[in-house]
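Each chain, letter by letter, is given below.
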Amino acid sequence: MLKITIKRACMLGLMSLLSWSAHAQLAGKNVILVHGLQTSQLMREQVTDAQVEQEGADYWNEFWNQYADDRLDWSSKSRLGGDTAVRAYNKVIEWAQTGFCREGCIFVTHSTGDLVVRYLLDKQDVWTQAAGLPELNVLAVLDFAGAGGGSELADLAIDVADGGSLLEWTVSKAVSAYLGFDVTPSTLGVLEDLRPTVARQTATAPSSVPRLRFVGGGTEYFGLTGGFLPGTDDGVVALHSACGGNAIAKVDSCVNYRALDGKASSVRAPAGLWHNHYPVLMGKKTHHGGTVRQQTGVELAYVNANFNAAGVSLALDTQSRTSGWWLWKNTYHTVKNSAGRSMSQVLVSSIR
């Protein structure tokens, strides 16, 4: 059962809301940031509330903090249904009491934040109804490198922590590169929830809230992790998860007619997507962190150039170009001038 701390949370929450820059917003709607896994927290014996808040803010410093009206900060040492659920509950009650989402709000997530928000959306109607409050009016969720379908690296980390005698050296090195330390059973935290088979059984009821997906296929951790992720990945999350695919599969794009670099061709894609999941932007060389940070130099492909639902609309300035000749001629569908901007910058400039 959740430990209910409504009064204290709402008082602190109201003070927090008042301390944010007035009307940061995105397209006139309040924005809530939900960060991903913070591996440095896993190796510590304890993560204090002050550290959770400070590191939650630091996570978004490179770009998104300028648009934030609030955040949901959570500890990577905690399981999704434990302390993270308590934090989510208290925030939902705070937002419902203050009317924070009355005119509509938008969540922006990165990596595991995708799974955290899916859990929150699944529970928020029960939480608000029990408190006699209106449900949050969530217009859309913008998911960058979403790990809602889990990450096979979590499976590897748990296998390493169990210390099987047949573990290969390369597996241990891949996990250490990803986490930054040698994993043990006491340092797993939310990794338990990130196992694909577990993540795909979490909060699976269809949601009416659109989930817009932004994905990459670049490498991180010197390429040590990619070999353990099925199909194309961004160094941490495979595309079956990031695209919003409804099953684990080896895929190389979010759609079967366009590659990550925009090339019009037949490619492996999810056979189906979760309800209300819409891939928008893809970057062949955009890595996991680059989706929400300032990675540039990647010409971005688009899936949905125009999107309009629930008061949120975006319009990408697109182009088609042809290269090669005769039988070797290829057509690419990309976003104009996207190589000089990060994926997040391209999105923000397209929001109406």
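Quick note: structure is the one above.
Residues numbered from 1 in each chain as written. Predicted model: local features only at pLDDT ≥ 70, side-chain atom pairs only at ≥ 80, totals over all residues. Heavy atoms only, no water.

Chemist: Which residues make up the pattern of salt bridges, and what are the values?
Modeler: By the definition in use, this model includes 15 salt bridges. Among the ionic pairs, Glu299 bridges to Arg321, the shortest N-O distance being 2.9 Å. Placement of Glu299 in the loop between strand S6 (277-283) and strand S7 (301-302) and of Arg321 in strand S10 (residues 318-323) is noted, with a sequence separation of 22 residues between them. (Salt bridge = Lys/Arg side-chain N within 4 Å of Asp/Glu carboxyl O. Helix = DSSP H or I, 4+ residues; strand = E, 2+ residues; numbered from the N terminus.)

Chemist: Describe the pairing of strand S5 (residues 211-216), listing the residues and the values that go with them.
Modeler: Regular strands show a simple pattern: their side chains alternate between the two faces of the sheet. Across the 6 residues of S5, 6 count as buried, placing the element largely inside the fold. Here S5 shows no split at all, with Arg211, Arg213 and Val215 on one side and Leu212, Phe214 and Gly216 on the other all buried. The pairing of strand S4 (residues 138-144) with S5 spans 4 bridges and is parallel. When the bridges of S5 are listed, Leu142 appears paired with Leu212. In the sheet, S5 pairs with S6 via 6 bridges, with the strands oriented parallel. Following the sheet pairing, Gly216 is matched in S6 by Gly283. (Buried < 20%, exposed > 50% of the residue type's maximum accessible area, 1.4 Å probe, protein only. Pairing = 2+ DSSP bridges.)

Chemist: Go over the packing of aromatic side chains, please, and point to the residues and values.
Modeler: Enumeration according to the criterion identifies 13 aromatic pairs in this entry. Consider the rings of Tyr89 and Trp127, whose centres lie 5.4 Å apart with planes at 80 degrees: the pair is edge-to-face. Of this pair, Tyr89 sits in helix H4 (residues 83-98) while Trp127 sits in helix H5 (residues 113-130); the two residues are 38 residues apart in sequence, bridging distant segments of the chain. Residue Tyr89 shares its accessibility class with Trp127, and that shared class is buried. Measuring from ring centre to ring centre gives 4.7 Å for Phe144 and Phe214, while their planes differ by 20 degrees; the resulting arrangement is stacked. (Phe/Tyr/Trp six-rings, centres within 6.5 Å; stacked < 30°, edge-to-face > 60°.)

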